[in-house]
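These are the residues of each chain, in order.
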Amino acid sequence: MNQPAESKIESVPMWINGRAVNPGGVRMGGVFNPATGQVARRVPYASAAVVDEAVKAATAALADWRQWPPLRRARVMQRFLRLMEENQPALARIVTSEHGKTIADAMGSVQRGMEVAEFACGIPQLLKGEHSENVGTQVDTHSLRQPVGVCAGITPFNFPVMVPMWMFPMAIACGNAFILKPSEKVPSASVRMAELFKQAGLPDGVFNVVHGDKECVDALLAHGGIHAVSFVGSTPIAKYIYETAARAGKRVQALGGAKNHAVVLPDADLEFTADALIGAAYGSAGERCMAISAVVAVGAAADPLVALLSKKAQAIRIGPGDRDGIEMGPLVTAQHRDKVASYVDQGVKEGAKLVADGRGFSVKGHEDGFFLGTTLFDEVRPEMTIYRDEIFGPVLIVLRVATLEEAIALVNRNPYANGVAIFTESGGAARRFENEIQVGMVGVNVPIPVPVAYYSFGGWKNSLFGDLHVHGVESVKFYTRTKVVTTRWPHQDTPAPGFHMPTLG
Ligand code: NAD
């Protein structure tokens, strides 16, 4: 491998109190370009002392920021949004260079993130409280939504712009200060967004970025100056974050992994369905929390559907994400590519029918890139590892069942419950599916039903620990505390307060 000299590799700074910082004396990690397999950048890993510095900056900035009129905060958000629009192609290139997905896909993901900032521009309306006159004689009650304090966000590698933007625009618009800990595999986009936010007029310290791994995350979870934690990542870590942060007395929402099913009924338009499933399974190399990874083919749908999927899966153009005409890029790291390939080995060992085999795939001129071809399994059974585990790669599996009832029961038995889709021409079947399925986000002839920014995003069961979803109105609830004020003006002609519990009248 033709790796550049260590000294020539730039390091990604952190962002604390409105400026880029490169703390000394900390551990460093490599950031790969997945298409070349080379270390492209280096990233410092924050120690507890660095985290403490970020918390101090956020705490100091919070005192003033929470007092800004929401309309003024919204104006900063509007300027940030305009800068994000201007910088969308550059941000997409950063995403592709560290994650590997295609530029078009990266552009779309940045767009979906920007839509949350667009929603956050309406914060004056979203923060409105309630008022009731005369809850008692000449007694009024109103409610306020106030910021929670200093919030932290811990995000996964697969959406370097969009997932952080599920969190920080809403938290900051609500009047909180924010510390983002992006995935150490894709650290650069977060720092670029912090620069743009400052350029938009955000006061120093309101938005901070620290990098790192478990040590940094644990320091955030343990820090008494952090009041709320938002997490998106794999289920075991989500559970750990939820338990640890809750034990430390913090408000927490922790979104976990997924195994998203697509149920295909025999009356579905199979050509349309196969096209939808191919994009949903192999787009972004299957590294999407809403990727379809398990097809449940009902009755006569199975044979023709598998034939179509096999043909289309093997026609996907795979290569570097920044090359024209490419539909699927590499996986994020060599380690992850090897893990996904080992699931293919396991599937074969456990007796699933291998229809398309992506192992051993390489791209000419990019032999060190972390590429894997598309894999399709048929006749998978629920007890097999490739069904039970989240693979998070370009591996699609097909399970066969006889009826819609069986399909619903199968999906509902799965411990993951992020997204699900049904493909059918029957309104009755779709309506029943929508009613009975125990999953947070449902698509009807829509393979990846990611809610738009003004609805909330989140799964059920092992795909979300906590009560509130991200973005939309649920995020306003998460990032604010409600205060209810009851008011009486004693100079009015009212009876003096007594010793008993007050009642109406
Ligand atoms: P991950 O759980 O390995 O890492 C997520 C974050 O946690 C990173 O910032 C990482 O640095 C940190 N982390 C990792 N190990 C840790 C540990 N032991 N202690 C404390 N912190 C730790 O996830 P990933 O591989 O970056 O992302 C892929 C996963 O994220 C998949 O499971 C995917 O389904 C999930 N995901 C879920 C959603 C959703 O909305 N539910 C969205 C995107 C991704």
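Here's what I pulled together on the structure shown here.

Conventions and cut-offs
- Residues numbered from 1 in each chain as written.
- Predicted model: local features only at pLDDT ≥ 70, side-chain atom pairs only at ≥ 80, totals over all residues.
- Heavy atoms only, no water.
- Salt bridge = Lys/Arg side-chain N within 4 Å of Asp/Glu carboxyl O.
- Helix = DSSP H or I, 4+ residues; strand = E, 2+ residues; numbered from the N terminus.
- Buried < 20%, exposed > 50% of the residue type's maximum accessible area, 1.4 Å probe, protein only.
- Phe/Tyr/Trp six-rings, centres within 6.5 Å; stacked < 30°, edge-to-face > 60°.
- Lys NZ or Arg CZ within 6 Å of the ring centre and 35° of its normal.
- Near = heavy atom within 4 Å.
- Polar contact = N/O pair within 3.5 Å; in protein donor to acceptor, adjacent residues only side chain to side chain.
- Areas by Shrake-Rupley, 256 points an atom, 1.4 Å probe, with all protein chains shown as cover.
- Nonpolar A, V, L, I, M, F, W, Y, C, P; charged D, E, K, R; others polar.
- Domains from an automatic or database assignment.

**Description of the pattern of salt bridges**
Then, number 1: Per the counting criterion, the structure on display carries 23 salt bridges.
Then, number 2: Aspartate 105 is paired through a salt bridge with arginine 288; the nearest N and O atoms lie 2.9 Å apart. Linking aspartate 105 in helix H4 (residues 103–120) with arginine 288 in the loop between helix H10 (270–282) and strand S13 (292–298), this pair joins segments that are 183 residues apart in sequence. For the residue pair aspartate 105 and arginine 288, the accessibility class agrees, reading buried in each case.
Then, number 3: With a closest N to O distance of 3.0 Å, lysine 214 and aspartate 218 form a salt bridge. Here lysine 214 and its partner aspartate 218 are both found in helix H8 (residues 214–222), 4 residues apart, which amounts to about one turn of the helix.
Then, number 4: Assessed through its relative accessible area of 23%, aspartate 218 is described here as partly exposed.
Then, number 5: What you see here is one network of salt bridges that share partners, running through Glu10, Arg41 and Glu98.

**Observations concerning the packing of aromatic side chains**
Note on aromatic pairs: each is described by the distance of the centres and the angle between the planes.
Then, number 1: Under the defined criterion, the tally for this structure stands at 15 aromatic pairs.
Then, number 2: On the numbers, 5.9 Å between centres and 55° between planes, the contact of phenylalanine 168 with phenylalanine 197 is tilted. Taken together, the positions of phenylalanine 168 in helix H6 (residues 162–173) and phenylalanine 197 in helix H7 (residues 188–199) put the pair 29 residues apart, joining distant regions of the chain.
Then, number 3: Look at phenylalanine 168 and you get buried, because its relative accessible area is 0%.
Then, number 4: An aromatic cluster is present here, built from Phe80, Phe168, Phe178, Phe197 and Phe207 joined pairwise through their rings.
Then, number 5: Positioned over the ring face of tryptophan 68 is arginine 72, at 3.8 Å from the centre of the ring.

**Focus: the site of the ligand**
Then, number 1: Of all residues adjacent to the ligand, which total 26 residues, the nearest are Lys181, Glu184, Ser234, Gly256 and Glu390.
Then, number 2: Contact between the ligand and lysine 181: an oxygen atom at 2.7 Å from a side-chain N or O atom of the residue.
Then, number 3: One of the side-chain N or O atoms of glutamate 184 is found 2.7 Å from an oxygen atom in the ligand.
Then, number 4: Calculation on the ligand without its partners gives an accessible area of 840 Å², and the protein chains cover 88% of this total.
Then, number 5: Taken together, the elements giving at least two residues each to the shell around the ligand come down to H8 and strand S10 (228–232).
Then, number 6: In the shell around the ligand, the residues fall into 13 nonpolar, 9 polar and 4 charged.
Then, number 7: Looking at the shell around the ligand, you find at least three residues from each of domain 1 (6–256 + 463–484) and domain 2 (260–444).

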